[in-house]
Amino acid sequence: QVQLVESGGGLVQAGGSLRLSCVASGSIFSLPFMAWYRQTPGKQRELVAAVTSGGTTNYADSVKGRCTISRDNAKNTVYLQMSSLKPEDTAVYYCKLWNAQIGTRWGQGTQVTVSS
């Protein structure tokens, strides 16, 4: 059974940086599509950044230039480096994994709080 475990969230002042990590364990088979989403109370979960199995990346307009998604395939890990954080970046951040063999998996989420 595939499990995702996120870490790296926390409280940071505006302008600061955080690096989120998501480690996938279990039988993943082929290299998956991986992404970071975030959600605030009362709102839908939104895509922050994604990286394909081939390394192509995609970012939400709201984080372009401030976030970098990367992956270490040997460690089944995806990272989200966030800088110049703003209070509006406050959310629970979720890791998502997808491939054709196992479908979609979500992590439990990690809280990011940016104080002004």
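In this text, all values refer to a predicted model and were calculated from it rather than measured experimentally.

## A short note on the pattern of salt bridges
Phase 1: In this structure the tally under the stated criterion is 4 salt bridges.
Phase 2: Residue glutamate 46 pairs with arginine 38 through a salt bridge whose shortest N-O separation is 2.7 Å.
Phase 3: Using a relative accessible area of 37% as the deciding quantity, one classes glutamate 46 as partly exposed.
Phase 4: Overall, the relative accessible area of 7% leaves arginine 38 in the buried class.
Phase 5: A salt bridge links aspartate 89 to arginine 38, with the nearest nitrogen and oxygen atoms 3.0 Å apart. In this pair, aspartate 89 is assigned in the loop between β8 (77-82) and β9 (91-99) and arginine 38 in strand β4 (residues 33-39), connecting sequence segments 51 residues apart. The exposure classification of aspartate 89 matches that of arginine 38, with both residues buried.
Phase 6: Salt bridges sharing common partners tie together Arg38, Glu46, Arg66 and Asp89.

## Examining the environment of tyrosine 93
Phase 1: Here tyrosine 93 shows up in strand β9.
Phase 2: On a C-alpha basis, the gap between tyrosine 93 and valine 63 in space is 13 Å, while along the polypeptide they are 30 residues apart.
Phase 3: With near-sequence residues (within four places) excluded, tyrosine 93 lies in contact with Glu6, Leu20, Trp36, Tyr37, Arg38, Val48, Leu80, Met82, Gly109, Thr110 and Val112.

## Considerations on empty space enclosed by the protein
Phase 1: This model, assessed by the stated rule, comprises 1 cavity of 30 Å³ or more.
Phase 2: Of the volumes computed, that of the largest cavity is approximately 40 Å³.
Phase 3: In this structure, the largest cavity is lined by Leu31, Pro32, Met34, Arg71, Asp72, Asn73, Asn76 and Thr77.
Phase 4: A class-by-class count of the residues in the lining of the largest cavity yields 3 nonpolar, 3 polar and 2 charged.

## Side note on the state of the cysteines
Phase 1: Scanning the entire structure with this criterion turns up 1 disulfide.
Phase 2: The partner cysteine of cysteine 22 in its disulfide is cysteine 95, sulfur to sulfur 2.2 Å. Across the disulfide from cysteine 22 to cysteine 95, rotation about the S-S bond amounts to roughly -80 degrees, and the bridge is consequently left-handed. With cysteine 22 in strand β3 (residues 18-25) and cysteine 95 in strand β9, this pair connects stretches of sequence that are 73 residues apart.

Reading the values: rules and limits
Residues numbered from 1 in each chain as written. Predicted model: local features only at pLDDT ≥ 70, side-chain atom pairs only at ≥ 80, totals over all residues. Heavy atoms only, no water. Salt bridge = Lys/Arg side-chain N within 4 Å of Asp/Glu carboxyl O. Buried < 20%, exposed > 50% of the residue type's maximum accessible area, 1.4 Å probe, protein only. Helix = DSSP H or I, 4+ residues; strand = E, 2+ residues; numbered from the N terminus. Contact = heavy atoms within 4.5 Å. 1 Å grid on protein atoms, 1.4 Å probe; cavity = no way out; pocket = protein on both sides within 12 Å on 5 of 7 lines; lining within 4 Å. Points joined across faces, edges and corners; volume = space filled by probe spheres on them. Nonpolar A, V, L, I, M, F, W, Y, C, P; charged D, E, K, R; others polar. Disulfide = S-S within 2.5 Å.

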